[in-house]
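Residues per chain, in single letters:
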Amino acid sequence: MTVYIVFIILTLFGIVFCDTNQTKGTGEKIFYWLLCIGLILISGLSRELGGDKQLYLAFFDEIDLSVPLGEYITEQFEQYSFMPLWSILNYTSCDWFNSFTLVQIVQALIINTATCYIAYKYTDCHFLFLLLFFISGIFFQFNTEVM
């Protein structure tokens, strides 16, 4: 919970000191991307938060590495409609690290980097967007889905 509070305080700091300025400097850009990295780590390192994540973790725990990768991809596509890249990521993560954390970080990296880039490019209040995205998309979703 402390990580959530620190992230909220840092985004509020960004809203007050960076979003209100008309001129955007390099420091503001670096601070924004550091917060985006923090957002990636918060969502990527969350363990067993949310029903979907628990379901995918159960699928991950059932990966049979004795089955070749091609057969695993076909089986996952036919049975669960999982896309091949998702199956490859799960299989290789299980094979190399035996940890679902890598899958979560890669997924958070792709989604949050794209979201942060689009927000930075097309909004004027970057830190306000990060705060709203964090509260609605990460904090609220993780903590209410578990309930």
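Criteria and cut-off values
- Residues numbered from 1 in each chain as written.
- Predicted model: local features only at pLDDT ≥ 70, side-chain atom pairs only at ≥ 80, totals over all residues.
- Heavy atoms only, no water.
- Helix = DSSP H or I, 4+ residues; strand = E, 2+ residues; numbered from the N terminus.
- Expected span 1.5 Å × (residues − 1).
- Buried < 20%, exposed > 50% of the residue type's maximum accessible area, 1.4 Å probe, protein only.
- Axes fitted to C-alpha atoms, helices over the stretch in contact; angles between N-to-C directions.
- Parallel < 35°, antiparallel > 145°, perpendicular 65-115°, else oblique.
- Left-handed = near helix turned anticlockwise from the far one by under 90°.
- Contact = heavy atoms within 4.5 Å.
- Nonpolar A, V, L, I, M, F, W, Y, C, P; charged D, E, K, R; others polar.
- 1 Å grid on protein atoms, 1.4 Å probe; cavity = no way out; pocket = protein on both sides within 12 Å on 5 of 7 lines; lining within 4 Å.
- Points joined across faces, edges and corners; volume = space filled by probe spheres on them.

### Remarks on helix 2 (residues 26-44)
Phase 1 of the analysis: End to end, helix 2 covers 27 Å across 19 residues, agreeing with the expected 27 Å (1.5 Å per residue, within 8%).
Phase 2 of the analysis: Looking at helix 2, one finds that the buried residues are Glu28, Phe31, Tyr32, Leu35, Cys36, Leu39, Ile40, Ile42, Ser43 and Gly44.

### As for the packing of helix 1 (residues 2-19) against helix 2
Phase 1 of the analysis: The contact between helix 1 and helix 2 brings their axes to 11 Å, and the two run at 160 degrees. By the angle between their directions, the pair helix 1 and helix 2 is classed as roughly antiparallel. Judged by the twist between their axes, the crossing of helix 1 over helix 2 is left-handed. Along the contact surface, helix 1 presents Val3, Tyr4, Phe7, Leu10, Thr11, Phe13, Gly14 and Cys18, while helix 2 presents Glu28, Phe31, Leu35, Leu39 and Ile42.
Phase 2 of the analysis: Class assignment for the residues of the contact of helix 1 with helix 2 results in ten nonpolar, two polar and one charged.

### A closer look at the layout of surface pockets
Phase 1 of the analysis: Roughly 150 Å³ of volume is contained in the second largest pocket.
Phase 2 of the analysis: Forming the walls of the second largest pocket are Met83, Leu85, Trp86, Ile88, Leu89, Val106, Gln107 and Ile110.
Phase 3 of the analysis: The set of elements that each furnish at least two residues to the lining of the second largest pocket consists of helix 5 (84-96) and helix 6 (101-122).
Phase 4 of the analysis: At four residues, the largest contribution of residues to the lining of the second largest pocket is made by helix 5.

### What about the packing of helix 2 against helix 6?
Between two packed helices, what matters for the description is the angle formed by their axes and the separation of those axes.
Phase 1 of the analysis: Where helix 2 meets helix 6, the axes come as close as 8 Å, and the angle between the chain directions of the two elements is 145 degrees. Crossing hand, helix 2 versus helix 6: right-handed. For the pair formed by helix 2 and helix 6, the contact residues are Glu28, Lys29, Tyr32, Trp33, Cys36, Leu39, Ile40, Ser43 and Gly44 on the first element and Thr101, Gln104, Ile105, Ala108, Leu109, Asn112, Thr113, Cys116, Tyr117, Ala119 and Tyr120 on the second.
Phase 2 of the analysis: Among the residues making up the contact of helix 2 with helix 6, the classes are represented as twelve nonpolar, six polar and two charged.

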